[in-house]
Amino acid sequence: MFTGIIESIGSIRAMTPKGGDVRVHVETGKLDLSDVKLGDSIAVNGVCLTAVELPGNGFAADVSRETLDCTAMNDLKSGSPVNLEKALTPTTRLGGHLVSGHVDGVGEIVSRADNARAVEFRIRAPKELAKYIAHKGSITVDGTSLTVNAVDGAEFMLTIIPHTLSETIMASYKPGRRVNLEVDLLARYLERLLLGDKAAEPSAGGTITESFLAANGYLNS
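One numbering rule holds for all chains: residues counted from 1, following each sequence as written. Under the rules for a predicted model, residues below a pLDDT of 70 receive no local features and side-chain atom pairs below 80 are neither given nor counted, while totals for whole chains, interfaces and linings still include all residues. Side-chain measures were taken over the full set of non-hydrogen atoms in the model, leaving aside hydrogen atoms and water.

An unreviewed UniProt entry lists the chain under the name Riboflavin synthase, from Pseudomonas shahriarae. Per UniProt, the comment on the chain under Catalytic activity (unreviewed entry) is "2 6,7-dimethyl-8-(1-D-ribityl)lumazine + H(+) = 5-amino-6-(D-ribitylamino)uracil + riboflavin". According to the UniProt record, the Pathway (unreviewed entry) comment for the chain reads "Cofactor biosynthesis; riboflavin biosynthesis; riboflavin from 2-hydroxy-3-oxobutyl phosphate and 5-amino-6-(D-ribitylamino)uracil: step 2/2." UniProt positions are given in the numbering used here, feature names are shortened, and annotations may be inferred rather than shown by experiment.

Encoded structure:
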């Protein structure tokens, strides 16, 4: 688990094909690795990866085909800057929100505009994630815990303050860039709870529809 508070901007040293998937080598910059051991989790742009090598100036991790297919990791190359966060501990301040490091989908930066000293980003999420994104709710973008300021269909707005711009890779975002998205865990669990006993049925699929809500008394006729 993570908090979505980025600890360091690192960079990709290499993306090496290995047995059908990829081993990524990450230089970790100012991230303190003194308490990291082999097998520990580190989030790279919001993707939870397991350290399999610790050469001293960073770490290496294996990235499966599933992860490559479901995230924007394929867009990374040698020299790409990345957001880094070590897994939280029982004494970690929860300054953001609970983040699993399991990316739900890939979004796209639609627009960028200055707003005083802040920057506003409009991001388009995959349509299937739109129902989990709420005004003033939490969302994780490339591992950064952020507050949604407006929602319009599958698009949402973020206002990013100067500190966040300087401590994450968001300052480099331009329209067209793909970003990893993780929706709020509570929204995911709430959907499953609403299914009740139907969650055990294979056909349920973990999806709440308007017809399901009406049939189960959640909507007024």
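Further notes follow.
1. Things to note about the UniProt feature "domain: Lumazine-binding" (unreviewed entry) in the chain
Following the UniProt record, one finds the feature "domain: Lumazine-binding" (unreviewed entry) at residues 1-97 and 98-194. Helix makes up 6% of residues 1-97 and strand makes up 42%, while its end C-alpha atoms are separated by 10 Å. Strands are runs of DSSP state E lasting at least two residues, helices are runs of H or I lasting at least four, and both sets are numbered from the N terminus onward. What you have in residues 98-194 is 16% helix and 42% strand, and the ends, taken at the C-alpha atoms, are 21 Å apart.

2. Comments concerning the domain arrangement of the chain
Where the parts come together, the accessible area they lose is often given as the size of the interface. Partitioning the chain into domains gives domain 1 (6-84) and domain 2 (103-195). Centre-to-centre, using C-alpha coordinates, domain 1 lies 22 Å away from domain 2. Here the quantity called buried area is the accessible surface, traced with a 1.4 Å probe, that two parts lose on coming together, added over both. Roughly 1200 Å² of surface becomes buried between domain 1 and domain 2 when both sides are summed, with 48% attributable to carbon and sulfur atoms. The largest per-residue losses of area from domain 1 upon contact with domain 2 belong to Ile6, Asn45 and Asn83, which jointly make up 36% of the total buried on that side. The salt bridge criterion pairs a side-chain nitrogen of Lys or Arg with a carboxyl oxygen of Asp or Glu, the two atoms within 4 Å. Summed over the shared surface of domain 1 and domain 2, the number is 2 salt bridges. Here Asp75 and Arg178 are joined by a salt bridge, their closest N and O atoms 2.9 Å apart. Throughout this description, a polar contact denotes any pair of N or O atoms lying within 3.5 Å of each other; where both atoms belong to protein, one of them has to be capable of donating a hydrogen while the other can accept it, and for residues adjacent in sequence the pair is counted only when both atoms sit in side chains. Here domain 1 is connected to domain 2 by 7 residue pairs in polar contact (both at pLDDT 80 or more). Just so you know the grouping, Ala, Val, Leu, Ile, Met, Phe, Trp, Tyr, Cys and Pro go in nonpolar, Asp, Glu, Lys and Arg go in charged, and all remaining residues, Gly too, go in polar. Among the residues forming the side of domain 1 that touches domain 2, the class breakdown is 7 nonpolar, 4 polar and 2 charged. An automatic or database domain assignment is the source of the domain bounds shown.

3. Thoughts on the sheet that holds strand E3 (residues 41-44)
At least two bridges found by DSSP between two strands is the condition for calling them paired. Taken in spatial order, the 6 strands line up as E1-E2-E5-E4-E3-E6 and close into a barrel, and their pairing is antiparallel. Recorded for the sheet is a direction-independent mean angle of 45 degrees between the axes of neighbouring strands. Examined bridge by bridge, E3 and strand E6 (residues 81-86) share 3 bridges and lie antiparallel to one another. Following the sheet pairing, Val44 is matched in E6 by Leu84. Angles run from 0 to 180 degrees between N-to-C directions of axes, and those axes are lines fitted to C-alpha atoms, restricted for helices to the stretch in contact.

4. Topic: the pattern of salt bridges
Scanning all chains against the criterion turns up 13 salt bridges. Across the pair Arg122 and Asp152 runs a salt bridge, and its minimum N-O distance is 3.0 Å. Here Asp152 lies in strand E11 (residues 150-152) and Arg122 lies in strand E8 (residues 118-124), a separation of 30 residues in the sequence. What makes Arg122 partly exposed here is its relative accessible area of 21%. Here Arg122 and Glu155 are joined by a salt bridge, their closest N and O atoms 2.5 Å apart. On the criterion of sequence distance, the pair formed by Arg122 in strand E8 and Glu155 in strand E12 (residues 155-160) is long-range, its members being 33 residues apart. Residue exposure (1.4 Å probe, protein chains only): buried if accessible area is under 20% of the type maximum, exposed if over 50%, otherwise partly exposed.

5. Overview of unusual backbone geometry
We note that Ala116 has phi near 60 degrees; this positive angle belongs to a residue other than glycine. The topology assignment puts Ala116 in the loop between strand E7 (105-115) and E8. Residue classification places Ala116 among the exposed positions, given a relative accessible area of 77%. The backbone phi angle of Asp142 is positive, close to 50 degrees, even though this residue is not glycine.

6. Examining a nonpolar patch on the surface
Together, Met1, Leu94 and Leu98 make up a nonpolar patch on the protein surface, roughly 280 Å² of accessible area in all. Within the fold, Met1 resides in the segment before strand E1 (8-18). Only residues whose relative accessible area exceeds 30% and that take part in no salt bridge are eligible for patches, with like-charged residues grouped when within 9 Å of each other and nonpolar side chains (Val, Leu, Ile, Met, Phe, Trp, Tyr) grouped when within 5 Å. The method behind every accessible area is Shrake-Rupley, applied with a 1.4 Å probe, and residues are considered shielded solely by the protein chains displayed.

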